[in-house]
Each structure stands twice: as C-alpha cells, then as structure tokens.
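What follows is each chain in one-letter form.
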Amino acid sequence: MTTLPLPVLDETNSAYWQAGETGSLRILRCQSCRAWIHPPTAVCPDCLSFEVAPEAVSGRATVAAFTINYQKWVPDMEVPFALAIVELDDAPGIRLTTRLVDIAPDEVRCGLATEVVFEHVEDVWLPLFRPTQGAK
Amino acid sequence: MNTVIGERNAIITGIGQSEVGRKLGRSGVSLTVEASIEAIADAGLTRDDIDGVATYPGATNASPGMSPHGVNELKEAMRLNLDWFSGGGEIPGQLGAVMNAIAAVAAGYCNNVLVFRTVTESSAQTAGRRASVVGSGSGRVDGWAQWMVPFGAMSAANWIAMYAQRYMHEYGLTREQLGQIALTARYHAGMNPKAIFRSPMTMDDYLSARMISWPFGLLDCDVPCDGSTVVIVSRADAAADFQNVVRVEAVGAALHGRSSWDQRADLTTMAANDAAAAMWKRTDLKPTDVDLVQLYDGFTWLTLCWLEALGFFPKGEAGPWLEGGARIRLGGELPLNTHGGQLSGGRLHGYGYLHEACLQLRGQAGARQVVGAEVAAVGAGGGPIGGSLLLTANR
Ligand SMILES: [Zn+2]
C-alpha cells in the first residue's frame, strides 16, 4: 500500500496511534466508571471523569461492515483492498475503521473474526486487521 | 408536539439557479450572483430588500471547489447592507443554512435572507485536484478524517458503502433494488434541461458500471458540477405581496447519535434518522400526507436512508419497497428527485432538491410536475451530517 496521509499526533491521540510500538492495541478507558472511550477525548463521556487512560486490549475484533475499494483515490494506490468497520471483542461498542490484510476481497464477511496487526509508518502504528490465525 | 413552531413565521419567497454544468470555468461569485439576481426577481424584490445572507459551509479550502466563497465575497460583489448573516459548516447539514435564515427572520433580525449554496467542483477537478477526496495532496490529516483516511478510506464512497453493505447484510437489500434510485434519477433527469446526464440508463448499465467501492458502482455516485442555487427566506407576516410563496411546515435539525462515521449504535442509521424524527414532532402532518420527496443522493444508499428515516416504510423494508421502481417515478405514489437528483442532475450539494421542491409546490415544474403537489419532504446530508425540511404549497 502506498503511503497515505497519516494522522497529526497530539496530546489526545498519540497514545492510540503509537500503541503499536508496545505490541498492543490500547484504547482509552475511564478509570472511574471503567467505560471504554473512542475516539480518544479529554473526559469520560459517561461520567465526565477526567481520569482517563489507555489500556491494552487483546486486539481481537469482529467485522461489522465492510467495503471493497476499487478506486485509486491517489495515483499510486494499489487496488482492490478491503476496508472494514470492526468491533473490538473486549471493548464492547468500540469500533474502528480499518484496512483488512491477508484476506482475498471476496472472502470478507460480516462476523469475520480478526486480530490486529500493526503497520509502522514514521511515528505512527496503524492498526490493521487480519483473519484470526488458526480460525476458519 | 412543540408549542412553539417558529418556522411557520418564515416563508420561501423566491428561488434562483445559475447555469449548471461541468467545467464551466466561471468563478463561484459569478455563479452565485447569477442565481441571486434570478431569485431576487422571482421574489419580486430588489437587492436593497436583501438584509440577510446565509450559506453552508462558508468559505473553505477543505476540498477543491466545494465552497469557493463565503458570505463576504457575495456581500462585496453585490454591495449588500446586511442586518444579519451566517456562514459555516457546523449546522444541521447543507439545509442548516436555510434553518438559520428561518430562525433569523422569525426572530426579527432581518426581513429577507438570501440563502446560497455554490459549487465549482467540476472546474476545480480539472485544475489538478480531485474533488471530495479527503487528504489528497496533504501530508497529514486531523479531526474526524484521521480515523479513516490513513487506511485508504479517503472518500465518502467508502464510508457510506459500509453502511450500504451492512444494510444488505441485515435486511437482504439487493443491488438491483438499490439501483432503482439511480434509474429513477436518470429517468427524471431526461425531463430537466439543466441535468448533467440525460440519456436513458438501463439496469444493465447500472449493474455493469465499473465498481468504485462495493456495493457502489460508478452509477451509485453523484457527479461533481459547477452551479449555484439561491432561495429567499422572508417573514411570513411581511407586507409585501409575494407571488411565489412556499410555506415551511417543519424543520428537522436534531443530532442525537454519535457525531461520527463509524461509532453510531446502529450502522444502518445516520443523522438523517434523528433529523427526520425531530421534524415529524413539529407537525401534525404524517408521511402519508407527503406528495413528493427530494432526498440526498450523493450515493444511492443515502436516499434509501432518508426514505427509511422519514418513515415511508418500516425499518429494513427498503428493498421490497423500491422493487421495480414504479413507486418513486413521476406518476407513482411518491415521486423522488424529480429533477434528476445529484446522481444525474449534478452535485449542487443539497440545494438542487430544495429548488425542485419549491418549483413543484408552486406548480411550475413543467413536464415533470407532480399533479396536486402540496407537501414535499426535503432531506440533505449523510453520516453525522443531516437536516430536513417539510414544505407546503401556499394554499
Ligand atoms: Zn466514566
């Protein structure tokens, strides 16, 4: 995949975008009421506590919706590829838009079990997802 | 029902539209002034009567040609003296500018608001940058775009395709059923001399068009164009003898779910659902009272979303409802996008629908007139962006 625009890192999102350096996906979590929070923000939207911190999750996720992209939005984009909205298995309600890898486009289905794999570009670790290894 | 329905204190008194086309090579201001002159004359006013201006999303460089100028450039070009004005994007979708104008005249800030929406996306595209591809030509992205663009989800085609795919998965919608929205738009565009694409489209054309982002092929996507649309919003109690009045029955401005493309609890609903629900709470009219609909078709599935949000069929039943397409064609029970929508008419970004709804309710739509058109629902936007208007004829 060609290098696409990366996120601008700031005090709110860098823990998320750089979590891959530790080998784990990390999602913001309220330290008061334990609610998961995404995208990251300054307070817990449930209890308005400012005590929020990233916590590691397993990185396992289930495909909730997908599309197969055929259009070269930038000139050297390699197509087709699968984009998906995945739901994190151990952070219910938290979804990530991502690219699926290690799977043929016509094999993508809702409900597909996946796991995170990081693509390291400059100072960002992009959480991509692939079919869970060993799963059918 | 709410006790205060302030939008009834506003009326739409004039409409205007510039030349519409591809690669016109004209400036945004030129198009806006052309549409403004027509709308002001249509209302029977002079430019000295225009004391308010509203627009969406205001001047921005976010996407080439998406909004080539804001309030101030128009004000300067026409030397308007304004008692109130507003331009910006954080409002209930494209039609939010109309809602702002309605609120302004209802509050008495001013008497006649010129509302404009101008695009030069077709010309901007030929100048080297692609319209509506987020992050193209930029090194890094921030805000909401950061959650999608770095993965290659650079277009609303990708984001909305995932909603369409989820809807197909949950409710069994087929591409053939969805395609009726595109075929109907093209059929109606054949009756609109200003439409970009007017030659007939078959289901085979639709299904065999090159794939953009499954399940969207090229003919599920609207077409960038150049053009400007203007409506004049006036006080309902004005002394002026307006000849071309359309009444505002209710507005839908709500956003209750997540302001996000991927976090909403139900991935087959959008802001449209919140706006539509809020709109129906502000009127005694029901979906069965609606004679025609003008609903956003930046992508086919958005129209389906608006139809469902507005309650024309039960949740999940879009497929059978659209089957065959007769229901949504001129002469059917609920004619849809009778000017050709944005799919075939061109992406006037929400205001082509509003212009057409006014023409229909005034009985001036010519060959494509819906007989007995008295109530029209207009909805614009997708994802976390959405707003709707329920308009009625002046009877
Ligand atoms: Zn909390």
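My aim in this report is to walk through the structure given alongside it, one point at a time. (Residues numbered from 1 in each chain as written. Chains lettered and ligands numbered in written order. Predicted model: local features only at pLDDT ≥ 70, side-chain atom pairs only at ≥ 80, totals over all residues. Heavy atoms only, no water.)

Re the overall build of chain B
Right, on to step 1. Assigned secondary structure in chain B consists of 12 helices and 12 strands.
Right, on to step 2. Here the C-alpha radius of gyration of chain B, 19 Å, is about what a compact globule of 395 residues would show, namely 21 Å.
Right, on to step 3. Overall, the C-alpha framework of chain B stretches about 55 × 50 × 40 Å when taken along its three principal axes.
Right, on to step 4. Expressed as a percentage of contacts within chain B between residues at least 6 apart in sequence, the contacts between residues at least 24 apart total 76%.
Right, on to step 5. Accessible surface, chain B as shown: approximately 13800 Å² in total, 49% of it carbon and sulfur.
Right, on to step 6. Counting 31 positive and 37 negative side-chain charges, chain B places the averaged centre of each group 4 Å from the other. (Helix = DSSP H or I, 4+ residues; strand = E, 2+ residues; numbered from the N terminus. Rg over C-alpha atoms; globule rule 2.2 N^0.38 Å. Contact = heavy atoms within 4.5 Å. Areas by Shrake-Rupley, 256 points an atom, 1.4 Å probe, with all protein chains shown as cover. Lys, Arg positive; Asp, Glu negative; His and termini not counted. Charge placed at Lys NZ, Arg CZ, Asp CG, Glu CD.)

Details of the pattern of salt bridges
Right, on to step 1. Scanning the model with the defined rule gives 24 salt bridges over all chains in all.
Right, on to step 2. The closest approach of N and O atoms between Arg-99 of chain A and Glu-119 of chain A, which form a salt bridge, is 3.4 Å. Within this pair, whereas Arg-99 of chain A is found in strand β7 (residues 95–100), its partner Glu-119 of chain A is found in strand β8 (residues 113–121), the two being separated by 20 residues in sequence.
Right, on to step 3. Here Glu-119 of chain A falls in the partly exposed class, since its relative accessible area comes to 25%.
Right, on to step 4. The residue Lys-315 of chain B makes a salt bridge to Asp-266 of chain B at a minimum N-O spacing of 3.9 Å. (Salt bridge = Lys/Arg side-chain N within 4 Å of Asp/Glu carboxyl O. Buried < 20%, exposed > 50% of the residue type's maximum accessible area, 1.4 Å probe, protein only.)

Points about the side chain of Arg-186 of chain B
Residues and elements named next belong to chain B.
Right, on to step 1. Summarising the element assignment, Arg-186 is placed in helix α6 (residues 175–189).
Right, on to step 2. This buried residue, Arg-186, is left without a salt bridge; Asp-205 holds the nearest opposite charge, at 6.4 Å.
Right, on to step 3. A distance of 2.8 Å separates the side chain of Arg-186 from the side chain of Ser-344, its partner in a polar contact.
Right, on to step 4. Sequence-distant contacts of Arg-186, defined by excluding residues within four places in its chain, comprise Phe-197, Arg-198, Ser-199, Pro-200, Met-201, Leu-219 and Ser-344. (Polar contact = N/O pair within 3.5 Å; in protein donor to acceptor, adjacent residues only side chain to side chain.)

Quick word on the coordination of the zinc ion
Residue and element names in this part refer to chain A.
Right, on to step 1. In the first shell of the zinc ion, the protein supplies Cys-30 (SG), Cys-33 (SG), Cys-44 (SG) and Cys-47 (SG), at 2.3 Å from the metal.
Right, on to step 2. Angles of 101 to 117° at the metal separate the 4 donor atoms of the zinc ion, which places the site in the tetrahedral class.
Right, on to step 3. Between the donor residues of the zinc ion, the gaps in sequence give the motif C-x2-C-x10-C-x2-C. With a gap of 11 residues between them, Cys-33 in the loop between β2 (25–30) and β3 (36–37) and Cys-44 in the loop between β3 and β4 (52–57) connect regions that are remote in the sequence.
Right, on to step 4. For Cys-44, a relative accessible area of 0% gives the class buried. (Donors = N, O, S within 2.8 Å, 3.2 Å for Na, K, Ca; no water. Tetrahedral: all angles 85-135°; square planar, octahedral: opposite > 155°, others 65-115°.)

As for the pairing of β2 of chain A
Residue and element names in this part refer to chain A.
Right, on to step 1. Of all 6 residues in β2, 5 are buried, a share of seventy percent or more.
Right, on to step 2. Of the pairings in the sheet, the one linking β2 to β4 comprises 6 bridges and is antiparallel in character. Opposite Leu-28, over in β4, you have Pro-54 as the bridge partner.
Right, on to step 3. Here β2 pairs with β3 via 2 bridges, running antiparallel. (Pairing = 2+ DSSP bridges.)

Notes on the interface of chain B and chain A
Right, on to step 1. Each partner contributes residues to the interface: chain B has 38 residues there, and chain A has 41 residues.
Right, on to step 2. Summing both partners gives a buried area of about 3400 Å² for chain B against chain A, and 59% of it is carried by carbon and sulfur.
Right, on to step 3. The largest per-residue losses of area from chain B upon contact with chain A belong to Arg-140, Trp-147 and Phe-151 of chain B, which jointly make up 26% of the total buried on that side.
Right, on to step 4. Here chain B and chain A share 2 salt bridges between them.
Right, on to step 5. Where chain B touches chain A, the interface holds 24 residue pairs in polar contact (both at pLDDT 80 or more).
Right, on to step 6. Those elements that place two or more of their residues in the side of chain B that touches chain A are β5 (140–141), α5 (156–171) and β6 (211–213) of chain B.
Right, on to step 7. Counting residues per element, the side of chain B that touches chain A draws most heavily on α5 of chain B, which supplies 7 residues.
Right, on to step 8. Alignment of strand β1 (residues 6–7) of chain A against β5 of chain B, held across 2 bridges, turns out to be parallel. Note on β5 of chain B: the bridge partner recorded for Leu-6 of chain A is Arg-140 of chain B. (Buried area = accessible area lost by both parts, 1.4 Å probe.)

Here's the deal with unusual backbone geometry
Residues and elements named next belong to chain B.
Right, on to step 1. Backbone torsion omega between Tyr-56 and Pro-57 reads -10°, so that peptide bond is classified as cis.
Right, on to step 2. Position of Pro-57 among the secondary structure elements: in the loop between β2 (52–55) and α2 (71–78).
Right, on to step 3. Residue Trp-214 is joined to Pro-215 through a cis peptide bond whose omega torsion reads 5°.
Right, on to step 4. Relative to the helices and strands, Pro-215 is located in the loop between β6 and β7 (216–217).

Re the packing of aromatic side chains
Right, on to step 1. For the structure on display, the rule yields 12 aromatic pairs over all chains.
Right, on to step 2. Where Trp-17 of chain A meets Trp-147 of chain B, the ring centres are 5.3 Å apart and the plane angle is 15°; that geometry is what we call stacked. Note that Trp-17 of chain A is positioned in helix α1 (residues 14–17) and Trp-147 of chain B in the loop between β5 and α5, a pairing that runs across two chains.
Right, on to step 3. Judged by relative accessible area, which is 0%, Trp-17 of chain A ranks as buried.
Right, on to step 4. When its relative accessible area of 12% is taken as the criterion, Trp-147 of chain B is described as buried. (Phe/Tyr/Trp six-rings, centres within 6.5 Å; stacked < 30°, edge-to-face > 60°.)

Observations concerning the sheet that holds strand β8 (residues 226–235) of chain B
Residues and elements named next belong to chain B.
Right, on to step 1. One open sheet accounts for 9 strands, arranged β3-β2-β4-β8-β1-β9-β12-β11-β10; its pairing is mixed. At either end of the open sheet lies a strand with only one pairing partner, and these are β3 (84–87) and β10 (292–295). Across the sheet, the mean angle from the axis of one strand to that of its neighbour is 25°, orientation sign disregarded.
Right, on to step 2. By the bridge criterion, 7 bridges tie strand β1 (residues 10–17) to β8 in an arrangement that is antiparallel. Paired with Ile-15 across the strands is Val-231, a residue of β8.
Right, on to step 3. Packed onto the sheet, helix α1 (residues 28–42) meets β1, β4 (112–120) and β8 and runs at close to 35° relative to β8. (Axes fitted to C-alpha atoms, helices over the stretch in contact; angles between N-to-C directions.)

So far we have only geometry, and geometry alone does not tell us how the molecule works.
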